[in-house]
Amino acid sequence: MAKKRRTPEEYSSDPAAQEMLIHAEEIGIGTAFTRADDMAPCNVGGAGMCCKLCGMGPCRLTKDGQTGVCGATIDTIQARNLVRAIAAGGAAHSDHGRDMAFTLKAVANGEAEGYMIRDIAKLRMVAQKNGIEIKDRAPEEIADELADLYIAQFGQQRGEVVLMKNAPEKRQKIWREQNVLPRGIDREVVEALHRTHIGDDQDPEHLLNHAVRTALADGWGGSMIATDISDILFGTPAPILGQANLGVLKDDMVNVVVHGHEPTLSEMIVAASQDPEIIEYAKAAGAKGVNLSGICCTANEILMRQGIPAAGNFLHQELSILTGAVEAMVVDVQCIMQALVGLAENFHTMVITTSPKVKLKGATHIEFDEHKALTIAKEILKTSIDNYKNRGKTKIPQHTEKLIPGFSHEYINYMLGGSYRASFRPLNDAIMSGRIRGVAAIVGCNNPRSTQDYLHTYVTKKMLEEDVLVVETGCGAIAAAKLGLLLGEAGLDQVGPGLSEVCETIGIPPVLHMGSCVDNTRILTVLTQMVEEGGLGDDIDQIPAVGLAPEWMSEKALAIGTYCVASGAYVMFGGASPVSGMPNRMEDSAIVSKYISEGWEDIYGGKLEFVPDPDEMIEKTLKHIDAKRAALGLPAHDPSRFGRGGDERMRELEELPLEERQAALYGAPAD
Ligand code: SF4
Ligand code: MSK
């Protein structure tokens, strides 16, 4: 019997996606959405009850008290699985950071064709913070030393990863006392694999301590390196107008979609696409030019720096090919579905792999090398243009939304105080006064097991109504963009009165797009600077803030969640818990679930929970924010105190008779 299929509205809350899914069905092509219907998730593996770490297994622990052949308990198995997932996620982010450090080294030595150091001020600031002499030195000299220092963090064997000192001092002390400060980024990943081998570490709590160490090596290590260097080489993001959704594809142009994570190649493709030689080449092929767009976090990287449109988030990768209008999908690393190649065979689209680490059977491989990046970028574009003549019928859904991305922590600092008084003081003051109730970071992927974008946008909207400022990264940010929440005052009618006042006064959207998934480190930096500014306690765990990943799917998300918890944040994931185990164990004896929640909260002040119901997630978020406000002695959230400032107040005044307006503005005239 055929499996029951969901409706397009159940698959996605995005009308462009719904349109493409109807089209896919009409032409008989499957996508991740239909494959998710056909592939029921495994209850045993999904709940962390399966171990396949050795040839005596796989062992499935489905009965109370059962152990694996080696005697491993359910708690040990769940902890080991979680540690491995976090190590894989951290490895992906950090390896991205390593590649960025090698590119910086090559740029510093004049060996990287087409690149330059774009943000010298950030280079000097980061170098100085790391104890590198900057006085009377050329940017290349400083960059060379910084690249060496950052490269060394990966292979360091002893001591502490140098970037850990970016955290608040109290936080560093907790990590030191708990002995979870990472010694070297690679070392912690290797040790995670060693400890989880058959017959090694089998104490669940001890294993989970190493999960924290490994995740910290990602968040405050490899990912932070990636963000720092991306800003130095490609410019620190600042607000810029962009567009999102599949309608950004153009019928009369060569459409090249870049997908993956590392900005090194995509930035060079942006540069090459504007080269007169390439534009002429495209025109000679009968197109008006080359139209670049992005998917996933590559989209975020080039959107927030160059304003290049985002064709969509994770679940849009197949849908963009289904338009028949994409000449090439150029991929590097992470979140690339193997299904792309088979899907593309139904159209003229070429899937071009570029990373020495990632190949897909059947795809065209044009390997990227930062030493001749511009030449390779042009080769990729010419190959794509050559494919334009093969295009058949197209179906591009006419849905786009404008957005303003690019809120780096540097820009948030600047926008709050201007060039001369850049500071987090106004943000802290707005939280302290209650105009802003708290902050929610809503991040992470799409997952075809739930309705695409629905959880992201439902939770985001509720937060805004409750005066919670939202910062977003990754695919969550693109979901909010598609909903129109990232555009200046466009979404302010949906925002609580206090938050609305703040957004109007500063001139910001209620949802701040802070970048890609490695850029979650920007959120760590903002939280640290809020602590340093004063008034919200002396460590991150005291700030009224939460982290939410309602539609997560990747191991990287687990690494991000864990380093945020270890940094003091309450983090909630949507969907099913990978460590729930047997349902009747949840309440009393589920050691892993309890330890990552209550156990980690006792130690770090942050906790990790899996909360499938979005309303429960919202309720817990607000309860947590209010409890943190109360602990700081801040006034309880009271929206009736705010909301008649800014433009709304001016509009009210304009409607009053002249005398009353003058009295309201300047006081009653003296007799
Ligand atoms: Fe089974 Fe133990 Fe081997 Fe895991 S390590 S598969 S529990 S025997
Ligand atoms: S791309 S990890 S689906 S956020 Fe960073 Fe999106 Fe998640 Fe990939």
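What you see is a predicted model; the values in this text were computed from it and never measured.

Rules and cut-offs
- Residues numbered from 1 in each chain as written.
- Chains lettered and ligands numbered in written order.
- Predicted model: local features only at pLDDT ≥ 70, side-chain atom pairs only at ≥ 80, totals over all residues.
- Heavy atoms only, no water.
- Helix = DSSP H or I, 4+ residues; strand = E, 2+ residues; numbered from the N terminus.
- Rg over C-alpha atoms; globule rule 2.2 N^0.38 Å.
- Buried < 20%, exposed > 50% of the residue type's maximum accessible area, 1.4 Å probe, protein only.
- Contact = heavy atoms within 4.5 Å.
- Areas by Shrake-Rupley, 256 points an atom, 1.4 Å probe, with all protein chains shown as cover.
- Expected span 1.5 Å × (residues − 1).
- Arc of directions from axis to C-beta.
- Near = heavy atom within 4 Å.
- Nonpolar A, V, L, I, M, F, W, Y, C, P; charged D, E, K, R; others polar.
- Salt bridge = Lys/Arg side-chain N within 4 Å of Asp/Glu carboxyl O.
- Domains from an automatic or database assignment.
- Lys, Arg positive; Asp, Glu negative; His and termini not counted.
- Pairing = 2+ DSSP bridges.
- Axes fitted to C-alpha atoms, helices over the stretch in contact; angles between N-to-C directions.
- Phe/Tyr/Trp six-rings, centres within 6.5 Å; stacked < 30°, edge-to-face > 60°.
- Buried area = accessible area lost by both parts, 1.4 Å probe.
- Polar contact = N/O pair within 3.5 Å; in protein donor to acceptor, adjacent residues only side chain to side chain.
- Parallel < 35°, antiparallel > 145°, perpendicular 65-115°, else oblique.
- Left-handed = near helix turned anticlockwise from the far one by under 90°.

Let us look at the overall build of the protein. From N to C terminus, the protein includes 27 helices and 16 strands. Taking 671 residues into account, the globule formula puts the C-alpha radius of gyration at 26 Å, and the protein, at 25 Å, falls close to it. Each of the 671 residues in the protein was classed as buried or not, and the buried ones make up 60%. Residue pairs at least 24 apart in sequence account for 75% of intrachain contacts in the protein once pairs closer than 6 positions are excluded. Here the protein has roughly 26,000 Å² of accessible surface; of this, 51% comes from carbon and sulfur atoms.

Turning our attention to helix α25 (residues 614-631). Taking 1.5 Å of rise per residue, the 18 residues of α25 would be expected to cover 26 Å, and the 26 Å separating its terminal C-alpha atoms lies within 8% of that figure. Where α25 is concerned, the buried positions are Pro614, Met617, Ile618, Thr621, Leu622, His624, Ile625, Lys628 and Arg629. Taken around the axis of α25, the buried residues stretch over an arc of 160°, which confines them to a single face. For α25, the exposed residues set more than 90 degrees away from the buried face come down to Glu619, Lys623, Ala630 and Ala631. On its buried face, α25 sits against α18 (425-433), β11 (438-442), α19 (454-465), β12 (468-472), β14 (545-549) and β15 (570-573).

A few words on the site of ligand 1. In the vicinity of ligand 1 lie 13 residues, with Cys51, Cys54, Cys59, Cys70 and Ile198 positioned nearest. Across the shell around ligand 1, the residue classes tally to ten nonpolar, two polar and one charged.

With that out of the way, let us pick up the pattern of salt bridges. One pass over the full model with this rule turns up 47 salt bridges. One salt bridge in this structure joins Lys122 and Asp228, with 3.9 Å as the shortest N-O distance. With Lys122 in helix α6 (residues 120-129) and Asp228 in helix α10 (residues 204-234), this residue pair connects regions lying 106 residues apart in the sequence. Asp228 matches Lys122 in its accessibility class, with the two residues each being buried. Glu277 is the partner of Lys382 in a salt bridge, and the nearest nitrogen-oxygen pair spans 2.7 Å. Note that Lys382 is positioned in helix α16 (residues 373-386) and Glu277 in helix α12 (residues 276-284), a separation of 105 residues in sequence. The class for Glu277 is partly exposed, based on a relative accessible area of 36%. Residues participating in the shared-partner salt-bridge network are Lys122, Asp228, Asp231, Glu301, Arg305, Glu410, Asp519 and Arg522.

Below, the discussion takes up the site of ligand 2. Lining the immediate surroundings of ligand 2 are 13 residues, of which His261, Cys297, Cys335, Cys475 and Cys517 lie closest. Put simply, the parts of the chain that give the shell around ligand 2 at least two residues each are α13 (296-306) and α20 (474-482). Counted by class, the shell around ligand 2 contains eight nonpolar, four polar and one charged residues. Inspection of the shell around ligand 2 shows a minimum of three residues originating in each of domain 2 (242-401) and domain 3 (429-578 + 587-660).

Okay, the side chain of Asp119 next. Its place among the elements puts Asp119 in the loop between α5 (74-108) and α6. Here Asp119 occupies a buried position and makes no salt bridge, while the nearest side chain of opposite charge, Lys122, is found at 6.6 Å. Among residues more than four places away in sequence, those in contact with Asp119 are Asp231, Ile232, Gly235 and Thr236.

Across the sheet, six strands lie side by side as β13-β12-β11-β14-β15-β16; this open sheet has parallel pairing. Both outer strands of the open sheet, β13 (511-513) and β16 (607-610), are each paired with one neighbouring strand and no more. When the angles between neighbouring strand axes are averaged without regard to direction, this sheet yields 20°. Contacting β11, β12, β13 and β14, α19 crosses the sheet at an angle of about 145° to β12.

Going residue by residue along β16, you find Lys607 and Glu609 tucked away on one face and Leu608 and Phe610 tucked away on the opposite face as well. As paired strands, β15 and β16 are joined by four bridges and run parallel to one another. Across the sheet, residue Phe573 finds its bridge partner in β16, namely Phe610.

Tallying each qualifying case throughout the model produces nine aromatic pairs. Judged by centre distance (6.0 Å) and plane angle (55°), the rings of Trp552 and Phe610 are tilted. Remark: Phe610 occurs in strand β16 and Trp552 occurs in the loop between β14 and α23 (555-566); sequence separation between them is 58 residues. Each member of the pair Trp552 and Phe610 is classed as buried.

The subject of this paragraph is the domain arrangement of the protein. For the protein, the domain assignment lists domain 1 (74-234), domain 2 (242-401) and domain 3 (429-578 + 587-660). Facing 17 residues of domain 1, the contacting portion of domain 2 comprises 18 residues. When domain 1 packs against domain 2, the two sides together hide about 1,400 Å² of surface, and 51% of this comes from carbon and sulfur. Inspection of the domain 1/domain 2 interface yields three salt bridges. Measuring nitrogen to oxygen at the nearest pair gives 2.6 Å for the salt bridge that ties Asp99 to Lys357. Applying the counting criterion to the domain 1 and domain 2 interface returns nine residue pairs in polar contact (both at pLDDT 80 or more). Counting only elements with at least two residues in the side of domain 1 that touches domain 2, the list comes to α5 and α10. It is α5 that contributes the most residues to the side of domain 1 that touches domain 2, nine residues altogether. Class assignment for the residues of the side of domain 1 that touches domain 2 results in seven nonpolar, five polar and five charged.

Tracing the sequence through the fold places Thr621 in helix α25. You can call Thr621 buried: its relative accessible area is 0%. Polar side-chain contacts of Thr621 include one of 2.7 Å to the backbone oxygen of Met617. With residues up to four places along the chain from it excluded, the contact list for Thr621 reads Met463, Val546, Leu548 and Met572.

Our next topic: the packing of α5 against helix α9 (residues 185-195). Running from N to C, α5 and α9 point in directions that differ by 155°, and their axes come no closer than 9 Å. Relative to α9, the element α5 is oriented roughly antiparallel. α9 is crossed by α5, and the crossing has left-handed handedness. Of the residues in α9, those in contact with Val83, Arg84, Ala87, Ala91, Ser94 and Arg98 of α5 are Ile185, Asp186, Val189, Ala192 and Leu193. Across the contact of α5 with α9, the residue classes break down as seven nonpolar, one polar and three charged.

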